[in-house]
Protein chains: 2
Amino acid sequence: MTSESIIAIDAMSGDLGAEVVVHAVRKCLDKESDLHIILVGKEKELSSLVTQIIGKESRIEIKNATEIVNMSELPTEALRRKKNSSMRVAIDLLKMGNAHACVSAGNTGALMATAIFVLKMLPEIDRPAIIAGLPAVGGTIHMLDLGANTISNEEQLFQFALMGSIVATDISNILRPRIALLNIGVEDTKGHDTVKAAANLLSSSSLNYVGFIEGSKILSGKADVIVTDGFTGNIALKTMEGTAKHFMKFLNTSINRDWFSKFQGIFVKPILKRLSLEMDSRHYNGASLVGLNGIVIKSHGDADSYSFQRAIETALVEVKNQMPQQIKKLLEQEKI
Amino acid sequence: MTSESIIAIDAMSGDLGAEVVVHAVRKCLDKESDLHIILVGKEKELSSLVTQIIGKESRIEIKNATEIVNMSELPTEALRRKKNSSMRVAIDLLKMGNAHACVSAGNTGALMATAIFVLKMLPEIDRPAIIAGLPAVGGTIHMLDLGANTISNEEQLFQFALMGSIVATDISNILRPRIALLNIGVEDTKGHDTVKAAANLLSSSSLNYVGFIEGSKILSGKADVIVTDGFTGNIALKTMEGTAKHFMKFLNTSINRDWFSKFQGIFVKPILKRLSLEMDSRHYNGASLVGLNGIVIKSHGDADSYSFQRAIETALVEVKNQMPQQIKKLLEQEKI
């Protein structure tokens, strides 16, 4: 690998189409001089967008892919029938060594199935997990699985904890990340059998396991890595986003209620702007599919160009940190 | 039943002890002239608190119970060994017809096990669920199960939907409540087998089933009743509370950052106060255990006196609406 970072982007699978992707690419290329982008999708459409939005740019290559995986498509169907989809071709580029990472805003299930099939899992890992950083009290917390799997057994939760610990050390420089299991109470007796069994596995491991954590404490900074199954994790993540949006909406309505509120609003708006920036879920877009032999970044399906830019930047950080190699190395050191 | 409402309160099981309970009782008695309270717990302690906080009051009765169920106690142990706990005695009063409802801030699992054992389930219902109203766009939404069960099968999710529909109609006067299943996506292919099977049951029922809903849309007002298993529901609920608290904390830090922020803060504070009131989870304290032959209200374990007051008021509304009788009647009309 040279010092340049080549990122393959599935430009067609997001809800908002290829235009937001090309805008994001323009911003990233402006910021990062050693970044190269392979845009994967319908060649004619992408060429036209690049000409229009970016102009002539030697660091962009377009790779034709005629099909698009739909959001409602079954993962197995996408994998079997759409071998020339933008998603598949982007992951193939990674497999063939033509790119260092892949970014997609497409169907999560299809992305995962394709990534597992093409790239394969790291040794000792059953299933990939989606992990992302969230803005918590005192810094970033890392949470997984955010929706790669709909159910998980205790061994898989244990593997997620292990991968999460490595990611937190590698990305956030936390030496012995505090690992917590998301549960409906903190007492040993709380929760279902799977979460209790995972607690037992973690307690007798070398990881810095600190116990159960409740939903109300996710952002409290009491743990660095929060481990849960993909169903619960996805719902917790989206619930946080929804609550934050609800909150902002309420504040905005509040300062437009009457003339006096509008007057108050003049003073509130700078604070709201700071809050917006700090809590903006777009800023935290770009979750990693960990556990694979390769860097695959999942963007929100409805990512706008700023969100998508953040997903590309996440990919870039992982390329520079050589994340899968780090995980593999540390997995070998850990007894599983 | 006369027009008076008698509520039995487990005064000992909350994290903050009996004092907050007695303060809450004082407020409720001041507001409701037909309310009678049976305080259940250590007689000496309760007598002393009542004398100190309320004084002489003919509408309060104290019922002695020598034991307390701990928060970490296994439900089966509490049920088997603590037959003279404040929790058990309060529920027994309900069973014997000496009270119309029971309120407890104690161990959820123990409360549920005791309530099932003493009161029994309504016909056609396997398990109780915890349901609560939440402040959403356009009004209140009702969500269940918030933690009565750690896992649920599709038939149980269907029963929750049915009970939720009845509660929403009865409490919020919604004629054909829109029922949604909480899931990790809105497409039919999303989620685990249980949630998909529950969707099939609901689609072919007479209920107004509107499909899957994501965590980000819980407070959107797109559904009136949100159905999920108790593990996910509890985590989603607490995540909402935690995010709202995080948000308020950030705003408060923001307006105390420097002298100019403090100046801005003068104008922000009235808006924050409105927000606080609107989003205050204490206001929504008091969840119902539905599906039982009797009204059992679960308060947050760490409820302060205002929260506990809200839980008593919820009990009162359900007594006046004769909730279990309504559910039973409507269950008989529905084909399950």
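Worth saying up front: this structure is predicted, and the values here are computed from it rather than measured.

## Structural notes on the sheet that holds strand β2 (residues 35-41) of chain B
All names here are of chain B.
Stage number 1. Strand order across the open sheet formed by 11 strands is β3-β2-β1-β4-β11-β10-β5-β6-β9-β7-β8, with mixed pairing between neighbours. What marks the edges here is a single partner per strand, and that holds for β3 (60-64) and β8 (209-213). The sheet shows a mean angle of 25° between the axes of neighbouring strands, taken without regard to direction.
Stage number 2. Note that strand β1 (residues 5-10) and β2 share 6 bridges and pair parallel. In the strand pairing of β2, A8 is matched with I38.

## Looking at the domain arrangement of chain A
All names here are of chain A.
Stage number 1. On domain assignment, one finds that chain A holds domain 1 (1-120 + 292-321) and domain 2 (126-290).
Stage number 2. Once you take the C-alpha centre of each, domain 1 and domain 2 turn out to be 26 Å apart.
Stage number 3. In this complex, domain 1 contributes 21 residues to the contact, which on the side of domain 2 involves 17 residues.
Stage number 4. Counting the surface lost from both domain 1 and domain 2, the interface buries some 1700 Å², and carbon and sulfur atoms represent 52% of this.
Stage number 5. On the domain 1 side of the contact with domain 2, M112, H300 and Y306 bury the most area, a combined 32% of that side's loss.
Stage number 6. For the interface between domain 1 and domain 2, the tally reads 0 salt bridges.
Stage number 7. Counting the contacts that link domain 1 with domain 2 gives 4 residue pairs in polar contact (both at pLDDT 80 or more).
Stage number 8. Sorting the residues of the side of domain 1 that touches domain 2 by element identifies α5 (108-119), β11 (295-298) and α10 (305-321) as the ones contributing at least two each.
Stage number 9. In terms of residue count, α10 provides more of the side of domain 1 that touches domain 2 than any other element does, 9 residues in total.
Stage number 10. For the side of domain 1 that touches domain 2, a count of residues per class yields 11 nonpolar, 6 polar and 4 charged.

## Things to note about the packing of helix α1 (residues 18-31) of chain B against helix α10 (residues 305-321) of chain B
Between two packed helices, both the angle of their axes relative to each other and the distance between the axes serve to describe the pair.
All names here are of chain B.
Stage number 1. The interhelical angle for the contact between α1 and α10, taken along N-to-C directions, is 50°, at an axis separation of 8 Å. Overall, the two elements α1 and α10 adopt an arrangement that is oblique. Here the hand of the crossing between α1 and α10 comes out right-handed. Of the residues in α10, those touching α1 at V20, V21, H23, A24, V25, K27, C28 and K31 are S305, F308, Q309, I312 and E313.
Stage number 2. Counted by class, the contact of α1 with α10 contains 7 nonpolar, 3 polar and 3 charged residues.

## Comments concerning unusual backbone geometry
Stage number 1. A cis amide bond links A:L144 with the next residue in sequence, A:D145, at an omega value of 0°.
Stage number 2. Mapping A:D145 onto the fold places it in the loop between β6 (139-144) and α6 (154-172).
Stage number 3. For B:K120, which is not glycine, the phi torsion reads 70° and is therefore positive.
Stage number 4. Here B:K120 lies in the loop between α5 (108-119) and β5 (129-136).
Stage number 5. Judged by relative accessible area, which is 44%, B:K120 ranks as partly exposed.
Stage number 6. A positive phi angle is found at B:Q322, which is not glycine, with a value near 45°.
Stage number 7. With respect to the element layout, B:Q322 can be found in the loop between α10 and α11 (323-333).
Stage number 8. Since its relative accessible area comes to 38%, B:Q322 is described here as partly exposed.

## A look at helix α11 (residues 323-333) of chain A
Residues and elements named next belong to chain A.
Stage number 1. Among the residues making up α11, those that are buried are M323, P324, I327 and L331. One side of α11 carries all its buried residues, which in axial view fall inside an arc of 95°. The exposed set on the far side of α11, more than 90 degrees from its buried face, consists of E332 and Q333.
Stage number 2. Structurally, α11 contributes buried residues whose contacts are with α6, β10 (287-290), β11 and α10.

## As for the sheet that holds β6(A)
Residue and element names in this part refer to chain A.
Stage number 1. Pairing in this open sheet of 11 strands is mixed, and the strands run β3-β2-β1-β4-β11-β10-β5-β6-β9-β7-β8 from one edge to the other. A strand with exactly one partner marks an edge of an open sheet, and here the two such strands are β3 (60-64) and β8 (209-213). Ignoring strand direction, the axes of neighbouring strands in this sheet form an average angle of 25°.
Stage number 2. Bridge count between strand β2 (residues 35-41) and β3: 5 bridges; the pairing is parallel. Within β3, the position partnered with I37 by the bridge is I60.
Stage number 3. Contacts between helix α8 (residues 230-254) and the sheet are confined to β5 (129-136), β6 and β7 (179-182), with β6 contributing the most and set at about 140° to the helix.

## A short note on the pairing of β7(A)
Residues and elements named next belong to chain A.
Stage number 1. Neither face of β7 is exposed, since I179 and L181 on one face and A180 and L182 on the opposite face are all buried.
Stage number 2. As defined by bridge partners, β7 adjoins β8 across 4 bridges and the pair is classed as parallel. Note that in β8 the partner of I179 across the bridge is Y209.
Stage number 3. As a crossover connection, the stretch from β7 through helix α7 (residues 193-203) into β8 is right-handed.
Stage number 4. In the sheet, β7 pairs with strand β9 (residues 225-227) via 3 bridges, with the strands oriented parallel. From the neighbouring strand, L181 faces β9, where its bridge partner is V227.

Basis of the calculations
- Residues numbered from 1 in each chain as written.
- Chains lettered and ligands numbered in written order.
- Predicted model: local features only at pLDDT ≥ 70, side-chain atom pairs only at ≥ 80, totals over all residues.
- Heavy atoms only, no water.
- Pairing = 2+ DSSP bridges.
- Helix = DSSP H or I, 4+ residues; strand = E, 2+ residues; numbered from the N terminus.
- Axes fitted to C-alpha atoms, helices over the stretch in contact; angles between N-to-C directions.
- Domains from an automatic or database assignment.
- Contact = heavy atoms within 4.5 Å.
- Buried area = accessible area lost by both parts, 1.4 Å probe.
- Salt bridge = Lys/Arg side-chain N within 4 Å of Asp/Glu carboxyl O.
- Polar contact = N/O pair within 3.5 Å; in protein donor to acceptor, adjacent residues only side chain to side chain.
- Nonpolar A, V, L, I, M, F, W, Y, C, P; charged D, E, K, R; others polar.
- Parallel < 35°, antiparallel > 145°, perpendicular 65-115°, else oblique.
- Left-handed = near helix turned anticlockwise from the far one by under 90°.
- Buried < 20%, exposed > 50% of the residue type's maximum accessible area, 1.4 Å probe, protein only.
- Arc of directions from axis to C-beta.
- Right-handed = clockwise from strand over helix to strand, strands pointing away.

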